[in-house]
Amino acid sequence: MEPLDTVLTAHRAYLLGWNIGVAGGSDLPTYRSDVPHAPLNGVLRVAGRTPQDALAEARRRLHGVPRVWWVGPDSDAGTADGLVALGAAQVARMPIMTVGIGEAADVPTPAGVHIAESTDLATFVTAYARVSGIPADGVPATVEREKAFTGDGMVHRLVGHLDDGRVVATAVAWISHGLVTLYFVGTQPEQRRRGIGAAMTRAALDLAAERGVRTAALTSSAAGESVYRSLGFRPVGEFRLLTF
């Protein structure tokens, strides 16, 4: 298993791949996609800065876009509480989870579902935007940012589709720093509770294993945690997501 520091570094590398603004240094890395969706703009860590100083600088860099603060094990102790004292609201606690790919559970792909890599960004983004809450008017900007993605690693985009071609699920497999990190794992609402999300996750792990990767990581929503636990993922840390 990769150390937590490596997991956090790979996570920062993925979100910095969306950045078209000022990224800053390792003390306050930020990313700005200009997509009107808070998780695609934000602050990745606070190290060696007071919450007041970090807030002032982040506001300069991220003015005009919705944004989040990822406060996890790579931020100074007390950062989250310091930001809350300045008016931040906590929107989620998200476990950072990992699994050795060789130890992950096998799951079947539901009948009638086919999983493959996709290069059709318009269809791919439209599908995950609906699940993630990206507004329809933000989809074109999201497609452009996906086209221009510049992260330190390799992105593989997986879609699950039915026999008639309808896309019912997505997953991004981000291979960087020796592991695969999963993003945008989601199933369309009308197709949930069929095991599609677990199958998409397993397909992403298999893709990574074929490329010599041995460890998988993700940051789970509350809704997805039980699915990931059933596959063998276990928490190794936590992010507190904050917003002002």
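Thresholds, definitions, all that
Residues numbered from 1 in each chain as written. Predicted model: local features only at pLDDT ≥ 70, side-chain atom pairs only at ≥ 80, totals over all residues. Heavy atoms only, no water. UniProt positions renumbered as here; feature names shortened; annotations may be inferred. Helix = DSSP H or I, 4+ residues; strand = E, 2+ residues; numbered from the N terminus. Expected span 1.5 Å × (residues − 1). Buried < 20%, exposed > 50% of the residue type's maximum accessible area, 1.4 Å probe, protein only. Pairing = 2+ DSSP bridges. Axes fitted to C-alpha atoms, helices over the stretch in contact; angles between N-to-C directions. Contact = heavy atoms within 4.5 Å. Parallel < 35°, antiparallel > 145°, perpendicular 65-115°, else oblique. Left-handed = near helix turned anticlockwise from the far one by under 90°. Nonpolar A, V, L, I, M, F, W, Y, C, P; charged D, E, K, R; others polar. Right-handed = clockwise from strand over helix to strand, strands pointing away. Phe/Tyr/Trp six-rings, centres within 6.5 Å; stacked < 30°, edge-to-face > 60°.

A. Up close: the UniProt feature "domain: N-acetyltransferase" (unreviewed entry) in the chain. UniProt marks residues 111-244 with the feature "domain: N-acetyltransferase" (unreviewed entry), using the numbering shown here. Within the segment residues 111-244, helix and strand shares are 32% and 36% respectively, and the terminal C-alpha atoms sit 44 Å apart.

B. Local environment of helix α2 (residues 51-62). Taking 1.5 Å of rise per residue, the 12 residues of α2 would be expected to cover 16 Å, and the 16 Å separating its terminal C-alpha atoms lies within 8% of that figure. Considered for burial, the residues of α2 that qualify are P51, A54, L55, E57, A58, R61 and L62. Positive phi shows up at G64, right after α2, with a value of about 90 degrees.

C. Expanded view of the sheet that holds strand β2 (residues 41-43). Strand order in this open sheet of 10 strands is β1-β2-β3-β10-β4-β9-β8-β7-β6-β5, and the pairing throughout is mixed. If you trace the sheet from one side to the other, it starts and ends with β1 (30-32) and β5 (113-117), each paired once. Taken pair by pair, the neighbouring strands of this sheet meet at an average axis angle of 25 degrees, ignoring direction. Contacting β1, β3 (68-71), β4 (89-100), β6 (154-162), β7 (167-176), β8 (179-187), β9 (215-219) and β10 (234-243), helix α1 (residues 4-16) crosses the sheet at an angle of about 55 degrees to β8.

D. Representation of the packing of helix α4 (residues 121-132) against helix α5 (residues 139-147) within the structure. Remark: α4 packs on α5, axes separated minimally by 9 Å, with the N-to-C direction vectors making an angle of 125 degrees. By the angle between their axes, α4 is oblique relative to α5. Relative to α5, the crossing made by α4 is right-handed. Packed against α4, whose contacting residues are L121, A122, F124, V125, T126, Y128 and A129, the element α5 presents V139, T142, V143, E146 and K147 at the interface. Across the contact of α4 with α5, the residue classes tally to eight nonpolar, two polar and two charged.

E. Region of interest: the pairing of β3. The alternating pattern of β3 places V68 and W70 on one face and W69 and V71 on the opposite face, and all of these are buried. Two elements, β2 and β3, share two bridges in a ladder whose sense is parallel. Bridge pairing links V43 to W69 in β3. For the crossover that starts at β2, traverses α2 and ends in the parallel β3, the hand is right-handed. Where β3 and β10 come together, three bridges link them in antiparallel fashion. Bridge pairing links W70 to L241 in β10.

F. Quick peek at the pairing of β4. Where β4 meets β10, nine bridges bridge the pair, whose relative direction is antiparallel. From the neighbouring strand, A89 faces β10, where its bridge partner is T243. Bridging between β4 and β9 involves five bridges; their strand directions are antiparallel. Its bridge partner being in β9, I96 is matched across the sheet by T219.

G. Representation of the packing of aromatic side chains. All chains considered together, the criterion is met by 12 aromatic pairs. Taken together, a centroid distance of 3.9 Å and an interplanar angle of 15 degrees make the contact between Y14 and Y183 stacked. Here Y14 is found in helix α1, whereas its partner Y183 is found in strand β8, with 169 residues between them in sequence. Classification of Y14 by relative accessible area gives buried; the value is 2%. Its relative accessible area of 13% is what places Y183 among the buried residues. An angle of 80 degrees between the planes, with centres 5.2 Å apart, marks the rings of W70 and F239 as edge-to-face.

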